[in-house]
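An overview of the molecular structure
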Amino acid sequence: MHRNREYLGHMKCIVLGEPLIVGLPGTIQITYTVGAYGIDDGGAIYILRQGVTDWQPIQTGNPAELGYTTASSSGNVHLEIESAEGIRPYENAIRVRIRDGCLKQGDTVQVILGDTRQGSAGILTQTVAEKNHKIIVAVDPFNCNRYEEIHPISFLTILPGAPAKVEIILPSTVKCGENFPVKLRVIDMYGNPCEYFSEEVVLEPPKDIELSERIVQFTPENRGSRVISAVCRREGVYRLTGRQAQYDIQVNSNVCAARETLEYRLFWGDMHGQNTEASGLGSMEDSIWFARHIGMLDFTGWQGNDFEVSDQNWRRVKNALNGAYIPGQFVTFSGYEWSGVTGAGGDHNIYFLHEDEQIHRTSQWAYKSGCTYTGYGREDDGSDCYPITQLWDVFQGRKDVMAIPHVGGRAANFDFYNPEMIKVVEIHSHHGIFDWFQDEAIKRKMKVGFIATSDDHTSRLGLSYPVGTNSDNFGATFDVVSGLTAVYAKELTREGIWEAFQARRCYASTNSRTILDFRVNGHMMGEEIESEGNNLLSLNVECVAPVDRVELYRSLTCLKTLYPSPVDTTQPVRRVKIAWSGVSSRFRKKSVLWDGSIFIRNGRLIHAEDYAIDRASEGIQSRSNQYINFKSRTSGDEDGVILDVIPTDLQECQIIFTSRQISETVKLTDLKQHPLEIFSGGEDCKVKISLETQAQEITPGQTFHFDCKYTDSQPDDGLNIYYARIYLKDGNRAWSSPVFVNQRK
């Protein structure tokens, strides 16, 4: 068999008209020239794109609508074009099958994605900006369902959109009198850096913070990111604000706590992501640059699916991560994702403290050989470990290797829990929020902390926005904005961060960088202590939005739900929050579609707003004074709406909720601050309806504080696992790691 240009043919791909911009219509022309093998009747060509892309699906029925796609040939054949499932990691494919004839050498097949010649505006571009977006063509000349890549492939540029946000990232903890970095990023509505931004941002610091620059000028060389310095003169909790006049953008930061002394500093990281070295987009250089300069992380890592990582991939990954490590500024950890099926252990992220470690894969099923982009595997070279118990045997006794179970394509199986290797569990990522996974660990009395990451596949560690499966349902699904891991460490080095993980002195957060300190009897998260009497739980939260509620737990028992302020039911306007959440299963296709409507009977809807919606295309689609229509997809996270209702008859006013999952009617008088829960199957799929406190006016730079104490006077004999879940009014969340209390009567 000949795998060269002469026999397989060649391809050319160009952008027609305007450059490609994320989320906007564009047009791509792909021309394939047939090689010496020709293409038989029933043979086909595949146009392959990454599975983690959200290009609009093609359509061939209406030439005036978006997505209209055509295929033509210089040969005397009929062409059938359709969306199809491709070859991992290029699951998003378009198949062009040859019918009623054959093609000979020199014939051409031309495909135009977003053909505008009959009125269409084009095809909607993916929402991830890329400098080297791969378009791969593979051919099956003999109708054998065996495809060979055409080389060279094509690379396209997809530009970011207009600036939507200017954000400031401050260290969460600083020491008074010491200089600290103030980092600014400019991103579009999909979280891509606006690399060509060349305007100024005017900052407005509080009086106790001095800035090296108050007017921060950006140039294209900055690529949407700037760093200046600051110093804080007095203890307190602060935020920075500012203004970008050209695009009329209000600028805000996360919260920063300044202290005279610091036992530990709070660092933020996202160690779970991959790129084109395995199953994602972008290079190692892209991933590391984004993690440091846009994600603005203190520490990061790499976690490619092991069965498609070649030896060459692994060398490049290690070299790039080791080269990017700067003690005191930016910490990197090498590793990989052990990606066995759930029955053999499930997904576990493997991390190494030191450099130049060996990879022990589940298998080499999709190992890439030579210069191919799709991998067809190779035999075990003696290094594979399957099931995961074999990996435990290889790493037995090592303190410089760590495994972190998570829920991704394959949920980790706690039947294989190894307390020596596993110190923390990932409960939130780009894949979704998995309270059930946390509950399972608690139920089994596992002594683990909890973290959040991205599991990013788009080289956007630290700030991954939803991407993935389009309406054709091919490819991966990433439904929520990514999470972050917070660690309390003495120093920003590999050893310092590693020690914090081993001590479980860490917690999980959505992207808001909430400061959280949870203790039991004065002991920090992660500690294991002894107790003979009552146990005092204390919680301190500093955040960018008002706290909605806090839940304090002993094992799986919610000891107390705390609300900062009560609902006022004397007001004529009732504020109602309706939130829905859950996953359909614990496995890969876990998303739940909730599209529906909410009606008000015997009342008037005067205001409606989205709550915790992750995708720009979702949320409220239309409304009147009697109803709203919404679109929503959840993966364990909450989506919802907040409604302001004036009842015309308080006793008879009803909220009618209808969706693809469940319909329910409730009386307004039955609602309280603690939510009414309506379950609809799946994995904790439910709708929660509650009364909300009245809308609070929030001023730029405002900080929010919540602290509480609770005494558990009836702890269980033996092990008590105490932890907290924090919910903010803007939909952000945080999860403390536990304190483990061995109770003696």
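One structure accompanies this document, and this report is about it. (Residues numbered from 1 in each chain as written. Predicted model: local features only at pLDDT ≥ 70, side-chain atom pairs only at ≥ 80, totals over all residues. Heavy atoms only, no water.)

**Things to note about the sheet that holds strand 30 (residues 424–429)**
What counts is decided by this rule: By definition, two strands form a pair when at least two bridges between them are found by DSSP. Numbered from the N terminus, helices here are DSSP runs of H or I no shorter than four residues, and strands are runs of E no shorter than two. We call two residues in contact when some of their heavy atoms are within 4.5 Å. Helix axes are fitted only over the stretch in contact, all axes being lines through C-alpha atoms; the angle between N-to-C directions runs from 0 to 180 degrees.
Spatially, 3 strands are ordered 31-30-32 in an open sheet, and the strand pairing comes out mixed. Looking along the sheet, the strands with just one partner apiece sit at the ends: strand 31 (432–433) and strand 32 (449–452). As judged from the 4 bridges shared by strand 30 and strand 32, these two strands associate in the parallel manner. Opposite His428, over in strand 32, you have Ala452 as the bridge partner. Where helix 5 (residues 435–443) meets the sheet, it contacts strand 30, strand 31 and strand 32, and its direction lies at approximately 165 degrees from that of strand 30.

**Concerning the sheet that holds strand 50 (residues 639–647)**
Strand order in this open sheet of 5 strands is 46-50-43-54-53, and the pairing throughout is antiparallel. The open sheet has two edge strands, strand 46 (603–611) and strand 53 (676–679), and neither has a second partner. Adjacent strand axes in the sheet meet at a mean angle of 20 degrees, parallel and antiparallel pairs treated alike. In the sheet, strand 46 pairs with strand 50 via 8 bridges, with the strands oriented antiparallel.

**Considerations on empty space enclosed by the protein**
How we decide: Think of a 1 Å grid over just the protein atoms. A cavity is a set of points where a 1.4 Å probe fits yet cannot get out, a pocket is an open set with protein on both sides within 12 Å along at least five of seven lines, and lining residues have an atom within 4 Å of a point. Grid points are joined across faces, edges and corners, and a volume is the space filled by probe spheres set on the points. Residue polarity follows a fixed list, in which Ala, Val, Leu, Ile, Met, Phe, Trp, Tyr, Cys and Pro are nonpolar, Asp, Glu, Lys and Arg are charged, and the others, Gly among them, are polar.
Enumeration over the complete set of coordinates arrives at 3 cavities of 30 Å³ or more. Along the wall of the largest cavity there are 16 residues; nearest its centre are Asp548, Arg549, Lys577, Ser690 and Glu692. Of all elements in the fold, only strand 41 (547–554), strand 43 (574–583) and strand 54 (683–691) reach the threshold of two or more residues within the lining of the largest cavity. Looking at the lining of the largest cavity, the element that brings in the most residues is strand 54, giving 4 residues. Grouping the constituent residues of the lining of the largest cavity by class yields 6 nonpolar, 3 polar and 7 charged.

**Quick notes on the nonpolar core**
Selection rule: For the purposes of this section, nonpolar cores are sets of buried Ala, Val, Leu, Ile, Met, Phe, Trp, Tyr and Cys residues that join through side-chain atoms within 4.5 Å. Whether a residue is buried, partly exposed or exposed follows from its accessible area with a 1.4 Å probe, protein chains only, as a fraction of its type maximum: under 20%, in between, or over 50%, in that order.
Residues Tyr336 and Phe518 are the most contacted members of the largest nonpolar core, which totals 90 residues. One finds Met11, Leu20, Ile81 and Ile123 within the second-largest nonpolar core, a separate group that totals 32 residues.

**Describing the packing of aromatic side chains**
The geometry of an aromatic ring pair comes down to the distance between the two centres and the angle between the two planes. Under the convention used in this document: Note on ring pairs: Phe, Tyr and Trp rings are taken, using the six-membered ring of Trp, and paired if centres are within 6.5 Å. Classes follow the plane angle, with under 30 degrees stacked, over 60 edge-to-face and the rest tilted. By definition, being over a ring means that NZ of Lys or CZ of Arg is both within 6 Å of the ring centre and within 35 degrees of the ring normal.
Evaluation of the coordinates by the stated rule reveals 22 aromatic pairs. Between Tyr7 and Tyr37 the ring centres are 5.0 Å apart and the planes differ by 55 degrees, which places this aromatic pair in the tilted class. With a gap of 30 residues between them, Tyr7 in helix 1 (residues 5–8) and Tyr37 in the loop between strand 3 (25–33) and strand 4 (44–49) connect regions that are remote in the sequence. Overall, the relative accessible area of 23% leaves Tyr37 in the partly exposed class. Considering the side-chain rings of Trp436 and Phe437, the 5.3 Å spacing of their centres and the 70 degrees angle between planes classify their relative orientation as edge-to-face. Judged on exposure class, the residue Trp436 and its partner Phe437 are both buried. Cation over ring: Arg549 sits above Tyr727, and NZ or CZ is 3.6 Å from the ring centre. One Lys or Arg, Arg725, reaches over the ring of Tyr553 and ends 5.0 Å from the middle of that ring.

**Considering the pattern of salt bridges**
Selection rule: One side-chain nitrogen of Lys or Arg within 4 Å of one carboxyl oxygen of Asp or Glu is enough to make a salt bridge.
Counting across every chain of the model gives 51 salt bridges. Close ionic contact of Arg88 with Glu308 constitutes a salt bridge, the shortest N to O distance being 3.1 Å. Taken together, the residues span a long stretch of sequence, with Arg88 in the loop between strand 6 (78–87) and strand 7 (90–99) and Glu308 in the loop between strand 25 (299–301) and helix 3 (311–324) at a distance of 220 residues. Given a relative accessible area of 24%, Arg88 falls into the partly exposed group. Each of Asp548, Arg549, Glu551, Lys577, Glu692 and Lys729 takes part in a single network of salt bridges with overlapping partners.

**Some points on the layout of surface pockets**
One way to see where empty space is left: roll a probe the size of a water molecule over the atoms. Its boundaries defined by the atoms lining it, the second largest pocket holds a volume of some 730 Å³. Lining the second largest pocket we find 41 residues, and of these Thr276, Leu281, Gly282, Ser283 and Asp286 sit closest to its centre. When contributions to the lining of the second largest pocket are tallied by element, the ones reaching two or more residues are strand 10 (130–140), strand 12 (154–159), helix 2 (284–293) and helix 3. Looking at side-chain class alone, the lining of the second largest pocket contains 16 nonpolar, 15 polar and 10 charged residues.

**A closer look at the environment of Glu178**
To keep things clear, this is the line we draw: Pairing of N or O atoms within 3.5 Å defines a polar contact, subject to two protein rules: one partner must be a possible hydrogen donor and the other a possible acceptor, and residues neighboring in sequence count only if both atoms are side-chain atoms.
Among the secondary structure elements, Glu178 is positioned in the loop between strand 14 (173–175) and strand 15 (179–187). A polar contact of 3.1 Å, which involves the side chain of Glu178, links it to the side chain of Arg265.

**A few points about the environment of Tyr417**
Tracing the sequence through the fold places Tyr417 in the loop between strand 29 (401–405) and strand 30. Looking at Tyr417, the relative accessible area reads 24%, which means it is partly exposed. Residues Tyr417 and Arg444 lie 27 residues apart in sequence; the distance between their C-alpha atoms is 9.8 Å. Tyr417 has contacts with Ile422, Met446, Lys447 and Val448, leaving out every residue within four places of it along the chain.

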